[in-house]
Amino acid sequence: MMTISLEAKTLELKFTWKIARNASDFKRNFFIKICDGDFEAMGEAAPNVRYGESAELITVQFEQLQNAGLSQIQDVETLHSLFQKISTCNSLRFGIESAFINFWSRNEVEKYLAISKAKEISTAFTMPIMPIGEMCEFYKKHDLQRFKFVKLKINAENGIDALKEISKVSKQQIMIDGNEAFQNPDEVLTYIEFIEKYPIAFLEQPMPSSKIEEYKHLKPKSSVLLMGDESITDNPDMDSIAQQFHGVNMKLQKAGGYVNGLRIINEARKRNLKTMIGCMVETSVGIGSAMHLCANIDFIDLDGFLILKEEPFKQIKERNGALFFSRD
């Protein structure tokens, strides 16, 4: 007999995770476990307040899904139909769908989804916002030179000084993530004029996602790649996105599952957009799920489990900036 359960875990972080709009020292995520006595599979839901998600919402919606027959689901089409019937936020949809697909495929997710398996998964490592004088020591303490990219969280006030400081020690290409901190294209273009002389991989979501026309104005004027993040949720208007950005950061917690995440990636490729797979603060359960989709992706940012003080599941490991499944 198959059982499905939900468990919450409070995850303490190694350091304060500060971005342009908030800061935290811990994260509370949820874990969906499916078991039939012979095999067990898990999925992870990392609710994000930016999209109106909360621990209370996850708990209520999971109970509603259980009452509607979640444990009887036998295929992904029926599962998606249930999500249509019972309103389900994106992170919980992903946690449940990934648990089911991991279970049905016996962790052979690429085979189940008929996609290629990534040969190498080299992740970026993200530095949160911190006092400028602490950045170089943070870089050295965490041995960040081993990663292919360093990703730098900034706000409108510290963006120039932060890049100057980290460039003293970093020899890698740098991803810059604004997390919607700038308010208009002129501010962004002034910042781009400064950063274009550095080895910048891209500038991610500098303005709020609501600034659609402003992004359309900005893109043809930008000398660096613009990557959409907060603008890419479960059902983005990809024709509009292609007018705003040079690439998309698809996060499964926002896409709502493997199937929709792949659709977004494929729609981006049809429009010749760069592709990226990112993450929230997640354990190796959620990060491991994202790793299945990393073949032929331009940029990978799956470091969410590396900032946890104690990673509870040990399903993946990192070596010299590359990620591997522990079972391999």
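Report on the accompanying structure. Computed from a predicted structure; not experimentally measured.

### A word on the sheet that holds strand S1 (residues 3-18)
Logical step 1: Judged by pairing direction, the sheet is antiparallel, and its three strands sit side by side in the order S1-S2-S3 without closing on themselves. Only two strands of the sheet have a single partner each, and these edge strands are S1 and strand S3 (40-45). For this sheet, the mean inter-axis angle between neighbouring strands, taken without regard to orientation, is 25°.
Logical step 2: Looking at chain direction, strand S2 (residues 23-35) and S3 are connected through six bridges and run antiparallel. Paired with Lys 33 across the bridge in S3 is Met 42.

### Digging into helix H7 (residues 185-195)
Logical step 1: The set of residues buried in H7 consists of Pro 185, Val 188, Leu 189, Tyr 191, Ile 192, Phe 194 and Ile 195.
Logical step 2: For H7, the secondary structure elements touched by its buried residues are helix H6 (159-166), strand S6 (173-177), strand S7 (200-204) and helix H8 (212-218).
Logical step 3: Backbone nitrogen of Asp 186 and a side-chain oxygen of the N-cap are separated by 3.1 Å at the start of H7; the cap is Asn 184.

### With respect to the sheet that holds strand S5 (residues 149-153)
Logical step 1: Spatially, eight strands are ordered S4-S5-S6-S7-S8-S9-S10-S11 in an open sheet, and the strand pairing comes out parallel. Two strands in the sheet have a free side with no partner beyond their single neighbour: strand S4 (125-127) and strand S11 (299-300).
Logical step 2: Where S6 and S7 come together, four bridges link them in parallel fashion. Across the sheet, the residue bridging to Ile 174 is Ile 200, located in S7.
Logical step 3: Strand contacts of H7: S6 and S7, with the helix running at about 165° to S7, the strand carrying the most contacts.

### Some details on the nonpolar core
Logical step 1: Met 127, Leu 152, Leu 163, Ile 166, Ile 176, Ile 195 and Leu 302 are the most contacted members of the largest nonpolar core, which has 78 residues in total.
Logical step 2: No other element matches H7, which puts six residues into this core.
Logical step 3: Apart from the residues lying within four places of it in its own chain, the contact partners of Ile 176 are Leu 152, Ile 154, Leu 163, Tyr 191, Ile 195, Ile 200, Phe 202, Leu 203 and Glu 204.
Logical step 4: One finds Ala 41, Leu 82, Ile 86 and Cys 89 within the second-largest nonpolar core, a separate group that totals 23 residues.

### Quick look at helix H3 (residues 90-105)
Logical step 1: For H3, which comprises 16 residues, the first-to-last C-alpha distance of 22 Å matches the rise-based estimate of 22 Å (1.5 Å per residue) to within 8%.
Logical step 2: Phi for Arg 106, located one or two positions after H3, is positive at around 55°.

### Structural notes on the environment of Lys 309
Logical step 1: For Lys 309, the location among the structural elements is in the loop between S11 and strand S12 (316-319).
Logical step 2: For the pair Lys 309 and Glu 40, spaced 269 residues apart in the sequence, the C-alpha separation amounts to 25 Å.
Logical step 3: If we ignore the near neighbours within four places in the chain, the residues touching Lys 309 are Glu 12, Leu 13 and Lys 14.

### Some details on the layout of surface pockets
Logical step 1: Computed from the structure, the largest pocket encloses a volume of approximately 640 Å³.
Logical step 2: Forming the walls of the largest pocket are 35 residues, and the residues nearest its centre are Trp 17, Lys 27, Asn 48, Met 280 and Val 281.
Logical step 3: Take the lining of the largest pocket: its biggest share by element is five residues, from S2.
Logical step 4: When the residues that make up the lining of the largest pocket are grouped by side-chain class, the tally is 12 nonpolar, nine polar and 14 charged.

### Observations regarding the side chain of Gln 172
Logical step 1: Within the secondary structure, Gln 172 sits in the loop between H6 and S6.
Logical step 2: One polar contact links Gln 172 to Ser 170, side chain to side chain, over a distance of 2.8 Å.
Logical step 3: Discounting residues that sit within four places of it in the chain, Gln 172 has contacts with Tyr 139, Leu 144, Gln 145, Phe 147, Lys 148, Phe 149, Val 150 and Pro 199.

Thresholds applied
- Residues numbered from 1 in each chain as written.
- Predicted model: local features only at pLDDT ≥ 70, side-chain atom pairs only at ≥ 80, totals over all residues.
- Heavy atoms only, no water.
- Pairing = 2+ DSSP bridges.
- Helix = DSSP H or I, 4+ residues; strand = E, 2+ residues; numbered from the N terminus.
- Axes fitted to C-alpha atoms, helices over the stretch in contact; angles between N-to-C directions.
- Buried < 20%, exposed > 50% of the residue type's maximum accessible area, 1.4 Å probe, protein only.
- Contact = heavy atoms within 4.5 Å.
- Polar contact = N/O pair within 3.5 Å; in protein donor to acceptor, adjacent residues only side chain to side chain.
- Core = buried A, V, L, I, M, F, W, Y, C linked by side-chain atoms within 4.5 Å.
- Expected span 1.5 Å × (residues − 1).
- 1 Å grid on protein atoms, 1.4 Å probe; cavity = no way out; pocket = protein on both sides within 12 Å on 5 of 7 lines; lining within 4 Å.
- Points joined across faces, edges and corners; volume = space filled by probe spheres on them.
- Nonpolar A, V, L, I, M, F, W, Y, C, P; charged D, E, K, R; others polar.

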